[in-house]
Each structure stands twice: as structure tokens, then as C-alpha cells.
Amino acid sequence: MGKLATIDVALDEMLVNLAAIVLRLSKPELTRTPEARNALAQSVHQYAVCAARSTDPRVHELKSQLEETLKPSLRVVARDGVKVS
């Protein structure tokens, strides 16, 4: 069982490193085109699939952060100096 635990820990570390890479690539200036947004969505989905079996809380926190990058950012709009939602 020790070897399985070692492999599990190594996979969790790889997932943490992968999430860091995808988070860096999720910046708005890098995901302006529909193709780039689609690639990001696919990466986040694949990460979520891999993270589903992990017991490492870091992996699940990073999964949540990655999923947040897919949500559209909201803009504050003002009309005649008054904020409009």
C-alpha cells in the first residue's frame, strides 16, 4: 500500500502544478478569442475530471478557482453618472 500512497501524493502534486499553469493561462489578456476561451474551458473541464478522485484539499480549492475563471466578468455600467446594473 505504501507505493499506492506515494503515487497518489505524486499525482496530487502534479495536479497542483497543472492548476498553477492553467491559472496563469486563464488571464483575460490571454483568453480574448473564442478559441482561447474554448481551450481554457476544455482544460478546466479535464482538470475537474482528474481532480474528482483526489482527496487533497489543495486540488479541490484550485478546481474551484479554475471554474471561477470560466464565469464572465461583470462590468459596472453608468448612465448619466449613475450606476446601472
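Everything numeric in this text was worked out from a predicted model, so none of it was measured.

Engineer: Hey, could you run me through the nonpolar core in this one?
Structural biologist: Side chains that are nonpolar tend, in soluble globular proteins, to be buried together. With 11 residues, the main nonpolar core is built from L15, V16, A19, V22, L40, V44, Y47, A51, V59, L62 and L66. Setting aside chain neighbours within four positions, we find Y47 in contact with L15, V16, L18, A19, V59, L62, K63 and L66.

Engineer: Can you help me understand the pattern of salt bridges in this one?
Structural biologist: Pairing between side chains of opposite charge can happen when the charged atoms of each approach one another. One pass over the full model with this rule turns up four salt bridges. Close ionic contact of R58 with E13 constitutes a salt bridge, the shortest N to O distance being 2.6 Å. Pair noted here: R58 is in helix α3 (residues 57-69) and E13 is in helix α1 (residues 2-25), with a separation of 45 residues, a long-range link. Taking the shortest distance from any N to any O, the salt bridge between R58 and D56 comes out at 2.7 Å.

So, how was this worked out
- Residues numbered from 1 in each chain as written.
- Predicted model: local features only at pLDDT ≥ 70, side-chain atom pairs only at ≥ 80, totals over all residues.
- Heavy atoms only, no water.
- Core = buried A, V, L, I, M, F, W, Y, C linked by side-chain atoms within 4.5 Å.
- Buried < 20%, exposed > 50% of the residue type's maximum accessible area, 1.4 Å probe, protein only.
- Contact = heavy atoms within 4.5 Å.
- Salt bridge = Lys/Arg side-chain N within 4 Å of Asp/Glu carboxyl O.
- Helix = DSSP H or I, 4+ residues; strand = E, 2+ residues; numbered from the N terminus.

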